[in-house]
Amino acid sequence: GIRAYGCHLNGLTGSSGKLDEDCLWVARRSKTKATYPGKLDHLVAGGLGNNEKPSDNIVRECYEEASIPAEISEKARPAGLISYIQQDESEWGLKRDVIFCYDLDLPKGFKPIANDGEVESFDLWDIEKVINSLASDSKEWKPNVALVIIDMLIRRGYLTPEESGYVELVGSLRQ
């Protein structure tokens, strides 16, 4: 398949490093979306336009999808990239995607507001709930979102080398 590029934003609150105190904003995709309707998603994610800078994409998508003003979204920090190949939604071909990952520490009390009809709702989940949901293999998450969240969990130390399967998990993200 043709390589596509996108940007995903981990919208975070708290910086204690504790699973039951720090939180991640989680979006529920609209049931009318053509791809992955009703699935759990990042606070903000979107395809990268031709000649668009990733940082500009994040600011634009933050406003379009979650009504996050530029004075907040411009503080998003680039956190690397994830690349993968997966079967496309039609199940007839393969997608080769590259996702630019961003983290945004949001102010306490901030609440995103769905703006463009792509998101049904936003919920603030503690990191422990996020990990348990991803580990449950419930198929509730849009597949590429799990990769970006797992990368964030590793980078921020929520998942540590002492945990069973850590080496294999990190290795599978870095192939």
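Scroll up a little and you will see the structure.
Computed from a prediction, not measured in an experiment: that's the story for all the values here.

Thresholds applied
Residues numbered from 1 in each chain as written. Predicted model: local features only at pLDDT ≥ 70, side-chain atom pairs only at ≥ 80, totals over all residues. Heavy atoms only, no water. Buried < 20%, exposed > 50% of the residue type's maximum accessible area, 1.4 Å probe, protein only. Helix = DSSP H or I, 4+ residues; strand = E, 2+ residues; numbered from the N terminus. Arc of directions from axis to C-beta. Contact = heavy atoms within 4.5 Å. Salt bridge = Lys/Arg side-chain N within 4 Å of Asp/Glu carboxyl O. Core = buried A, V, L, I, M, F, W, Y, C linked by side-chain atoms within 4.5 Å.

Draft legend 1. Up close: helix α5 (residues 166-173). Turning to α5, its buried residues number three or more, namely Tyr166, Val170 and Leu173. The buried residues of α5 occupy an angular sector of 60° when the element is viewed end-on, so they sit on one face. Along α5, the residues that are exposed and aim more than 90 degrees away from the buried face are Val167 and Glu168. Contacts made by the buried residues of α5 are with β5 (77-87) and α4 (143-155).

Draft legend 2. Representation of the pattern of salt bridges. Under the defined criterion, the tally for this structure stands at twelve salt bridges. Note that Glu64 is salt-bridged to Arg60, the shortest N-O span being 3.3 Å. Of the two residues, Glu64 and Arg60 both sit in helix α1 (residues 54-66), four residues apart, roughly one turn of that helix. The partly exposed category is assigned to Arg60, whose relative accessible area is 30%. Three or more residues joined by partner-sharing salt bridges are found here, namely Arg77, Asp103, Asp105, Asp151, Arg155 and Arg156.

Draft legend 3. Local environment of the nonpolar core. Formed by 27 residues in total, the largest nonpolar core has its most connected members in Leu24, Ile127, Leu134, Trp141, Ile149, Met152 and Leu153. Breaking this core down by element, the ones donating at least two residues are β2 (23-29), β5, β6 (94-105), α3 (127-135), α4 and α5. A total of eight residues in this core trace back to one element, the largest contributor, which is α4. Formed by 18 residues, the second largest nonpolar core is a distinct cluster that contains Cys62, Ala76, Tyr102 and Leu106.

Draft legend 4. View of the environment of Glu89. Among the secondary structure elements, Glu89 is positioned in the loop between β5 and β6. Taking the relative accessible area as the measure of exposure, Glu89 reaches 38% and is therefore partly exposed. Among residues more than four places away in sequence, those in contact with Glu89 are Thr35, Tyr36 and Lys95.

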